[in-house]
Amino acid sequence: MDRRADGEVALISVKPEYAERILAGSKQVEFRRAAFARKVTHLVLYATKPTGRLVALCEVSRVHRGAPAELWKSFGSVGGIGADRYWAYYRGAPRAVAIGIASVRRLAEGLTLRDLGIVGPPPQSYRYVDRARAERLLTTPPRTGAVEGR
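Residues numbered from 1 in each chain as written. Predicted model: local features only at pLDDT ≥ 70, side-chain atom pairs only at ≥ 80, totals over all residues. Heavy atoms only, no water.

Asks: Can you walk me through the nonpolar core in this structure?
Replies: Buried together is how nonpolar side chains tend to be arranged in soluble globular proteins. Membership of the largest hydrophobic core comes to 30 residues, with the highest contact counts inside it found for F31, L43 and L45. Within the second largest apolar cluster, 15 residues are counted, among which are L11, V44, L107 and V129. (Core = buried A, V, L, I, M, F, W, Y, C linked by side-chain atoms within 4.5 Å. Buried < 20%, exposed > 50% of the residue type's maximum accessible area, 1.4 Å probe, protein only.)

Here it is as structure tokens:
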């Protein structure tokens, strides 16, 4: 992880199909309805159930804000989502956010929210996490038989 101290690390929940697209490199932006309140330099991806685990650490290249039509025009081809789902997600929303995803590092199998110091359910949108804990995830050896502990 880039050790820049000028930004935060955010945990975001994504559907497993989108997590796989991010890991494969075909999804290069993550669309959201709300922007971060702070400057975020890295994302920890939590793939929701049935995966239910932390899967990647990503560098944020830039956070783009604009009208949904503007962001679709700019990023639809690399957003890893079909137009129907995109427009359903942004129905009624005047603003949209596209989080640019740079380098992606797959995390060890079986890492849970507890490994990040989180007890409770995953965030609906996002939550900030401790940078040092996120960095330690990169050096965590693979485990077998881990069960999601929330």
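Read on for the rest.
Asks: Explain the pairing of strand β2 (residues 29-32) to me, please; I cannot follow it from the model alone.
Replies: Taken residue by residue, a regular strand's side chains alternate between the two faces of the sheet. Across the two faces of β2 the burial is the same, with V29 and F31 and E30 and R32 all buried. Looking at chain direction, β2 and strand β5 (residues 96-106) are connected through four bridges and run antiparallel. Bridge pairing links F31 to A98 in β5. (Helix = DSSP H or I, 4+ residues; strand = E, 2+ residues; numbered from the N terminus. Pairing = 2+ DSSP bridges.)

Asks: What's the story with the sheet that holds strand β1 (residues 8-14) in this structure? I'm lost.
Replies: Note on sheets: strands pair through backbone hydrogen bonds, and any given pair is parallel or antiparallel. Taken in spatial order, the six strands line up as β2-β5-β4-β3-β1-β6 in an open sheet, and their pairing is mixed. At either end of the open sheet lies a strand with only one pairing partner, and these are β2 and β6 (126-129). This sheet shows a mean twist of 35 degrees between the axes of neighbouring strands, independent of strand direction. Here β1 runs beside strand β3 (residues 40-47); their pairing, made up of seven bridges, is parallel. Bridge assignment links V9 to a residue of β3, and that residue is H42. Each of β1, β2, β3, β4 (53-66) and β5 is contacted by helix α1 (residues 16-24), which is oriented at about 60 degrees to β5, the strand it contacts most. (Axes fitted to C-alpha atoms, helices over the stretch in contact; angles between N-to-C directions. Contact = heavy atoms within 4.5 Å.)

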